[in-house]
Amino acid sequence: MVMGYDARPPEEGAHPDLPSPEGEPSERVSQDEPLLAARVHRPSDLMRLLVGVLVIAVVIAIAAFAHGTTSGLEQDINKGAGGAPDVFVKIAGLVSSIAVLLVPVAFAIERLIKRDGLRIADGVLAAVLAHGVTLATDLWVAKAAPGTIQDALTQPATGGGLTDPVHNYLAPVIAYMTAVGMARRPRWRVSLWAVLLLDAFTMLVAGYTTAFSIILTVLIGWTVAYGTLYAVGSPNVRPTGQTLLAGLRRVGFRPVTALRAEGAGVPDSADSGDRGRRYIVTLEDGPPLDVTVVDREQQAHGFFYRVWRRITLRAITTRRSIVSLRQALEQEALLAYAAIAAGANAPKLIATSELGPDAVMLVYEHLGGRTLDSLDDKEITDDLVRSAWRQVKALQSRRIAHRRLAGDAILVDRSGKVILTDLRGGEIAAGDLILRMDIAQLLTTLGLRVGAERAVAGAVAVLGPDAIADCLPLLQPIALSRSTRATLRRLARERSKREREAVLEASEAAKRARAEANAGTTDLKPDRKSDRKIEKAEKQAEKRAIDEALDDAREEDLLAQIRQQVLLIRPQAPVEPVRLERIKPRTLISLIAGAVAAYFLLSQIARTPLSTISSADWRWVAAAVLFSALSYIAAAMSLLGFVPERVGFWRTVVAQVAGSFVKIVAPAAVGGVALNTRFLQRSGVRPGLAVASVGASQLFGLGAHILLLLAFGYLTGTEKSQSFTPSRTVIAGLLTVAVLVLVVTAIPFMRKFVSTRLRSLFAGVVPRMLDVLQRPLKLLTGIGGMLLLTGVFVLCLDASIRAFGHDSQGISYASVAVVFLAGNALGSAAPTPGGVGAVETALTLGLVAVGLPIEVATPAVLLYRLLTLWLPVLPGWLCFNWLTKRGAL
């Protein structure tokens, strides 16, 4: 499509795409360019907002806890200001108070004359919001803030009372100044900052404010401005097609039209947001040009993803997350020249230029062709695969890494020549690890199109078997590009769906065959012994049929196929993955949550007197220990009740004890499920049925948990009233759940999301539940185990309370049950191992809410968690090792 536009209509009889009669290039081009968004939400604005909030929190914390420092600073300022001439202070105050309002008004008039009223509107909105924030802050400091904060932000006024904690006119002016973009206009910026500093100085010297008040005022104005800009969006300053044509003329070209290389409205891919917009430019004379335009908005695309990768991955595998436009221009130009010098086929760079302060362009010789992603499978021949590998070999001969050898970075022209594009993210003088990552990436990219065998064969033919074998430790998803990882995840979901459908079809076929066989034997005299033999044989036949169907449907993922192909050539090749992650996301979350939990526990322990612990009733402590031990028998019952196959009971109990160790190293909702699934598989239950059994147990447990919570909550609300009426809290909770259900069912996106997840869950769980329903004794065992598990935990918590509070607190079992069920739900949802921190907080607050003194609630919760979480760790570790040595895990 033709890019660029001009608001003026073309002259009559003149073609907009041809030179003007005077021989000068026409500035009129067809207005077919997709309209750019009028406003953009910049990640940099969000970052500044978060930084501002953090600094405000730090300033308030200093004011709250460093009272000596703040008071000493005020004394020093007052002592230094005492020598200032009173006349000078009054004149400076009068001038600054007038100028602080006149300068923004003058700037607004200047912007309105230049028809830039949207920026003024943004500034006014930011000023209004900043004024509201300052009023709220003043109210908070005056009514609810600690005395140390009030002392740091205010001081006695001459007429009585206190000065304002935050200045209601300075913060709006600063917010206005920041939102309208005065920082990009040096003269206006210097003028306004000089006025603001003069005004702050005069107020400080005159005793109308404090240093911390001024700092907080500036931070509030600055933070609110960037919050406003991120919320409503900043005016889009991305260059248009007309700006591009003007830039090309400045570097000596005579362009006629500019056509976008991509389709209109197609967003940039997930991991290539900083690649820029691409144009095909036709000239008055000479071949066309390929032009790439990079601007700040496009460069910021994917900023948070790159920051996260830099935090979690080792430094040698990541690039800088923030680069300037100048650095991006120089890097791409350097890589373009270096790639051609290395003998690789790459676009030839012929010119570069800036397009104003917020964009740059790179001009290449035009390359016709299609990307690897757009080719049909039959068009990707073995010669083309080897040609792609020869380009990588040329780059690696000069230690140049491409860093993103995805399908859209490999171009094939009309003659079949392979050209490597998108070199901006590359690296010169690259290390061995980065070069091996390039090989792993291209192996995966080609494997997705031509299969693992052909991809490996082409690589070995060009690079040799040793180079390909060395890349096996890098053949892991985290080493691949973001788009490639997304494709691999999609293929994995499709494989799982096919396997699930194959198992269900085999099961249904076996059941139909059994029904047909039974229909032909209805006239025979029933024999109980022979019936059991027939039933057992039929189940074995069904199991074999399902196993065969699963084996036929099972497919290995692409990375495993590539490894197998390489190992056929080099059996001794290393396959142990290289550790590329500096820290895993779950580990990072666990560390943060664990630190918060440790702080909470230590603070609770520090507030618990030793006399409280020494006066505990050890009979109730022994009872709590007994109830904690019974919980493992109940957990084994609740699991085996949903497993129709024969599994040893006491070995299952040992596995539940081993789960106490697993809970410490993984979140409770994850570790227990994984351990039970593995245990059932090693006990002879097929993998699909093991997952379905554990899923059925978890699903039934969730339903029982919710019903028990509602039931005990109802009883808690009625136990202190004459009428059997639930409490308002229970009614509010039920109404909240009902509203959430209505919202989920009313919104199509959420309804589809929930239904998809539930369908995948019920696909295996519902048939398993039907098998269990045919065995009443098993079902009774599972239900009884669920209820017994909840009961012994409630009794353990109640015994812990009675150990410190005896019987004088008057807390009912229903109240204890509600507190336990709510705390256990939070613990299962918390990402910390064993729910550390979340469970303690929920249980303590819940017990206090139902009337238990905090002096009793804190040690009771600590004792309960000691018995149910910490003390079983060592026995759990021993049981875990015992089961592992015997092949049960």
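Structure's up top.
What you are looking at is a predicted structure, and each value in this text was computed from that prediction instead of being measured.

Participant: Requested: an account of the packing of aromatic side chains, with residues and values cited.
Facilitator: Scanning the model with the defined rule gives three aromatic pairs in all. Centroid distance Trp222 to Tyr226: 5.0 Å. Interplanar angle 75°. Geometry classified as edge-to-face. You can see Trp222 and its partner Tyr226 sitting in helix α8 (residues 211-232), four residues apart, about one turn around the helix. You can call Trp222 partly exposed: its relative accessible area is 26%. Note on Phe649 and Trp650: the rings are 5.2 Å apart at their centroids and 80° apart in plane angle, and the pair reads as edge-to-face. The class for Trp650 is exposed, based on a relative accessible area of 60%. Of note, Arg802 hangs over the ring of Trp620, and the distance from its end group to the ring centre comes to 5.6 Å.

Participant: Quick one: what's the story with a nonpolar patch on the surface, residue by residue and with numbers?
Facilitator: A cluster of nonpolar side chains, namely Leu54, Val58 and Ile62, defines an oily patch on the protein surface of about 250 Å² accessible area. If you trace the backbone, Ile62 turns up in helix α1 (residues 43-65). With a relative accessible area of 36%, Ile62 lands in the partly exposed category.

Participant: So what about the environment of Val653? Which residues, and what values?
Facilitator: One can find Val653 in helix α23 (residues 649-665). A C-alpha to C-alpha distance of 5.8 Å links Val653 and Ile633, two positions 20 residues apart in sequence. Excluding anything up to four places from it in sequence, Val653 contacts Tyr632, Ile633 and Ala636.

Participant: Kindly report on the sheet that holds strand β10 (residues 410-412), identifying the contributing residues and their values.
Facilitator: Read from one edge to the other, the open sheet built from three strands follows the order β9-β10-β11, with strand pairing classed as antiparallel. The open sheet has two edge strands with one neighbour each: β9 (370-371) and β11 (418-420). Direction of pairing for β9 relative to β10: antiparallel, over a ladder of two bridges. Bridge assignment links Arg370 to a residue of β10, and that residue is Val412. Against the sheet, helix α13 (residues 382-397) contacts β10 and β11, and its axis sits at roughly 40° relative to β11.

Participant: Tell me what's going on with the environment of Ala817, and back it up with residues and numbers.
Facilitator: Along the polypeptide, Ala817 turns up in helix α29 (residues 813-829). On the basis of relative accessible area, Ala817 is assigned to the buried category, the value being 1%. In this structure the C-alpha to C-alpha distance between Ala817 and Phe793, which are 24 residues apart in sequence, comes to 8.7 Å. Among residues more than four places away in sequence, those in contact with Ala817 are Phe712 and Val794.

Participant: Which residues make up the pairing of strand β6 (residues 289-295), and what are the values?
Facilitator: The element β6 is extensively covered by neighbouring structure, given that seven of its seven residues are classed as buried. Neither face of β6 is left uncovered, since the one carrying Leu289, Val291, Val293 and Asp295 and the one carrying Asp290, Thr292 and Val294 both have all their residues buried. With five bridges connecting them, strand β5 (residues 277-283) and β6 associate as antiparallel partners. Paired with Tyr279 across the bridge in β6 is Val291. In sequence, β5 turns back onto β6 through a hairpin of five residues, with Gly286 there showing a positive phi of about 100°.

Participant: So, the side chain of Thr134: which residues are in play, and what are the values?
Facilitator: Looking at where Thr134 falls in the secondary structure, it is placed in helix α4 (residues 117-143). Ignoring anything within four residues of it in the chain, the contact list for Thr134 reads Val166, His167, Asn168, Ala171 and Ile220.

Participant: Mind laying out the pattern of salt bridges, listing which residues take part and the relevant values?
Facilitator: Between side chains of opposite charge, a pair can form as their charged atoms come close. Tallied over the entire structure, the rule returns 16 salt bridges. Here Asp45 makes a salt bridge to Arg48, at a shortest N to O gap of 3.8 Å. In this pair, Asp45 and Arg48 both sit in helix α1, three residues apart, roughly one turn of the helix. Note on Arg48: relative accessible area 34%, which makes it partly exposed. Measuring nitrogen to oxygen at the nearest pair gives 4.0 Å for the salt bridge that ties Glu365 to Lys348.

Rules of the game
Residues numbered from 1 in each chain as written. Predicted model: local features only at pLDDT ≥ 70, side-chain atom pairs only at ≥ 80, totals over all residues. Heavy atoms only, no water. Phe/Tyr/Trp six-rings, centres within 6.5 Å; stacked < 30°, edge-to-face > 60°. Helix = DSSP H or I, 4+ residues; strand = E, 2+ residues; numbered from the N terminus. Buried < 20%, exposed > 50% of the residue type's maximum accessible area, 1.4 Å probe, protein only. Lys NZ or Arg CZ within 6 Å of the ring centre and 35° of its normal. Patch = residues over 30% accessible without salt bridge, like charges linked within 9 Å, V, L, I, M, F, W, Y side chains within 5 Å. Areas by Shrake-Rupley, 256 points an atom, 1.4 Å probe, with all protein chains shown as cover. Salt bridge = Lys/Arg side-chain N within 4 Å of Asp/Glu carboxyl O. Contact = heavy atoms within 4.5 Å. Pairing = 2+ DSSP bridges. Axes fitted to C-alpha atoms, helices over the stretch in contact; angles between N-to-C directions.

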